[in-house]
Amino acid sequence: MMQVVTQVTVWIIPALLFLIPVYAYWRKVPIYESFVEGAEDGFKTAIKIIPFLIGMLLAIQVFVDSGALKLLVDALTPLFIKLGWNPEILNVIPLAVMRPLSGSGALGVSTQLINTFGPDSFVGRLASTMQGSSDTTFFVLTVYFGAVGIKKYRYALKVGLIADFIGLIASIWIVSMLFG
């Protein structure tokens, strides 16, 4: 079974790259013209989101460099201790804070945690689970919503942050139960 899965994963992308143009040709879609039109739209979107992206990245850098991240971690530490959670969880608080802000920043924090504690450690497993169970809420709101001109996104922000918090709690619970 594992060999079948391995072969499917090796061939799925090349098969799609072959089958999609064949299907488009069969449906009489102008393939090259459609591709060029899509690339042009993608380039326009990339240019349109640059100001939003720069603003978000600047805000993240100010947040980290000002020491606000450290203050937030220090403020959350007593809560985690009071809840009686594994003290190693405190090591992933910077990841929990960074994940909604920046995917690359969160990946950097995860990499640092995994290099420090090891991939099979409680912290490494928790960092990996957190990476997969939450999203970059502010990035999504800034870039994607900005690209299509959505200005009022208050419910999306609330729901995104609630989902990130639930992802954090679920990650802690699941990793504690499985690897405790």
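Right above here is the structure, for reference.
Bear in mind the structure is a predicted one, so any value in this text is a computation, not a measurement. The residue count restarts for each chain, going from 1 along the sequence in the order it is written. Restriction of local features to residues with pLDDT of at least 70 applies here, the model being predicted, together with a cutoff of 80 or more for giving and counting side-chain atom pairs; totals for whole chains, interfaces and linings are based on all residues. The side-chain quantities take in all heavy atoms of the structure and omit both hydrogens and water.

Asker: Which residues make up a nonpolar patch on the surface, and what values do they have?
Answerer: A cluster of nonpolar side chains, contributed by Met1, Met2, Val4, Val5, Val8, Ile12, Ile13, Leu16, Leu17 and Ile20, occupies part of the molecular surface with about 1,100 Å² of accessible area. Following the sequence through the fold, Val5 ends up in helix H1 (residues 2–26). The class of Val5 is partly exposed, set by a relative accessible area of 40%. Exposure above 30% relative accessible area and the lack of any salt bridge qualify a residue for a patch; like charges then connect within 9 Å, and the nonpolar side chains Val, Leu, Ile, Met, Phe, Trp and Tyr within 5 Å. Only the protein chains shown count as covering a residue, and every accessible area follows the Shrake-Rupley method with a 1.4 Å probe. The term salt bridge refers to a pairing of a side-chain nitrogen on Lys or Arg with a carboxyl oxygen on Asp or Glu at a separation within 4 Å. Secondary structure follows DSSP: runs of H or I at least 4 residues long count as helices, runs of E at least 2 residues long count as strands, and numbering of each begins at the N terminus. Each residue is assigned to one of three classes by its accessible area relative to the maximum for its type, calculated with a 1.4 Å probe on protein chains only: buried under 20%, partly exposed between the two thresholds, exposed over 50%.

Asker: Summarise H1; cite the residues concerned and give the values.
Answerer: A helix is expected to span 1.5 Å multiplied by its residue count minus one. With 25 residues, H1 extends 34 Å from end C-alpha to end C-alpha; this agrees with the ideal 36 Å at 1.5 Å per step. The quantity called bend is, for any residue, the angle between two axes fitted respectively to the seven residues ending at it and the seven beginning at it. Considering bend angle alone, the principal kink of H1 is centred on Trp11 and spans about 35°; proline Pro14 follows within four residues of it. Of the residues flanking the end of H1, it is Lys28, one or two places downstream, whose phi is positive at about 65°.

Asker: Please give an account of the pattern of salt bridges that cites residues and values.
Answerer: Once their charged atoms are close, side chains differing in charge can pair, the charge on each being opposite to the other. Per the counting criterion, the structure on display carries three salt bridges. Between Lys44 and Glu40 there is a salt bridge, and its shortest N-O distance comes to 3.3 Å. You can see Lys44 and its partner Glu40 sitting in helix H2 (residues 31–65), four residues apart, about one turn around the helix. Ionic pairing is found between Lys70 and Asp74, a salt bridge with its closest N-O pair at 3.2 Å. Of this pair, Lys70 and Asp74 both sit in helix H3 (residues 68–82), separated by four residues, roughly a single helical turn. Residue Asp74 is classed as partly exposed on the basis of its relative accessible area of 41%.

Asker: An account of the nonpolar core is needed here, citing residue identities and associated values.
Answerer: Residues belong to one nonpolar core when they are buried, are Ala, Val, Leu, Ile, Met, Phe, Trp, Tyr or Cys, and are joined through side-chain atoms within 4.5 Å. Core analysis: the biggest nonpolar cluster contains 23 residues, and Ile89, Val92, Leu95, Met98, Leu113 and Leu126 have the highest contact counts within it. Elements with a minimum of two residues in this core: H2, H3, helix H4 (93–98), helix H5 (103–117), helix H6 (122–133) and helix H8 (154–179). Throughout, a residue-residue contact means that at least one pair of heavy atoms, one from each residue, lies within 4.5 Å. Once residues lying within four places of it in the same chain are set aside, the contact partners of Leu126 are Ile89, Val92, Ser171, Ile172 and Val175.

Asker: Tell me about the packing of helix H7 (residues 137–148) against H8, and name the residues and values.
Answerer: Two elements in contact, H7 and H8, have axes separated by 9 Å at closest approach and are oriented at 150°. Considering their axes alone, H7 and H8 lie roughly antiparallel with respect to each other. For H7 against H8, the interelement crossing comes out right-handed. Along the contact surface, H7 presents Thr137, Phe138, Leu141 and Phe145, while H8 presents Ala156, Leu157, Gly160, Leu161 and Asp164. Only C-alpha atoms enter the line fits that serve as axes; for helices the fit covers just the stretch in contact. Angles between N-to-C directions range over 0 to 180 degrees. Any angle that falls under 35 degrees is termed roughly parallel, while one over 145 is termed roughly antiparallel, one within 65 to 115 roughly perpendicular, and all others oblique. Two helices that cross are described as forming a left-handed crossing if the nearer one is turned anticlockwise from the farther one by less than a right angle, and a right-handed crossing if clockwise.

Asker: So what's going on with the environment of Gly124? Which residues, and what values?
Answerer: The topology assignment puts Gly124 in helix H6. Note on Gly124: relative accessible area 0%, which makes it buried. Placed 32 residues apart in sequence, Gly124 and Val92 show a C-alpha to C-alpha distance of 9.1 Å. When sequence neighbours within four positions are dropped, the list of residues in contact with Gly124 reads Ile114, Gly118 and Pro119.

Asker: Describe the side chain of Ser121, and please don't skip the residues or the numbers.
Answerer: Structurally, Ser121 can be placed in the loop between H5 and H6. N or O atoms within 3.5 Å of each other form a polar contact, as long as, within protein, one can give a hydrogen and the other can take it, and as long as residues adjacent in sequence are counted only when both atoms are side-chain atoms. A polar atom in the side chain of Ser121 sits 3.0 Å from the backbone nitrogen of Gly124.

Asker: I'd love a proper account of the packing of aromatic side chains, names of residues and values included.
Answerer: Two rings belonging to Phe, Tyr or Trp (six-membered ring only in the last case) form a pair when the distance between their centres is within 6.5 Å. Interplanar angles under 30 degrees mark stacking, angles over 60 mark edge-to-face geometry, and anything in between is tilted. Evaluated as defined, the whole model comprises two aromatic pairs. Ring centres 5.8 Å apart and planes at 45° place the aromatic pair Tyr23 and Trp26 in the tilted group. Remark: Trp26 and Tyr23 occur in helix H1; sequence separation between them is three residues, near one turn of the helix. Under the relative-accessibility criterion, Tyr23 is labelled partly exposed at 46%. Look at Trp26 and you get exposed, because its relative accessible area is 63%. Arranged with centres 6.1 Å apart and planes meeting at 80°, the rings of Phe139 and Tyr144 form a pair that is edge-to-face. Assessed through its relative accessible area of 26%, Phe139 is described here as partly exposed. The criterion for a charge sitting over a ring is simple: Lys NZ or Arg CZ within 6 Å of the ring centre, and within 35 degrees of the ring normal. Sitting over the face of the ring of Phe179, Arg125 holds its NZ or CZ atom 4.0 Å from the ring centroid.

Spatial relationships are all this shows, so hold off on functional conclusions.
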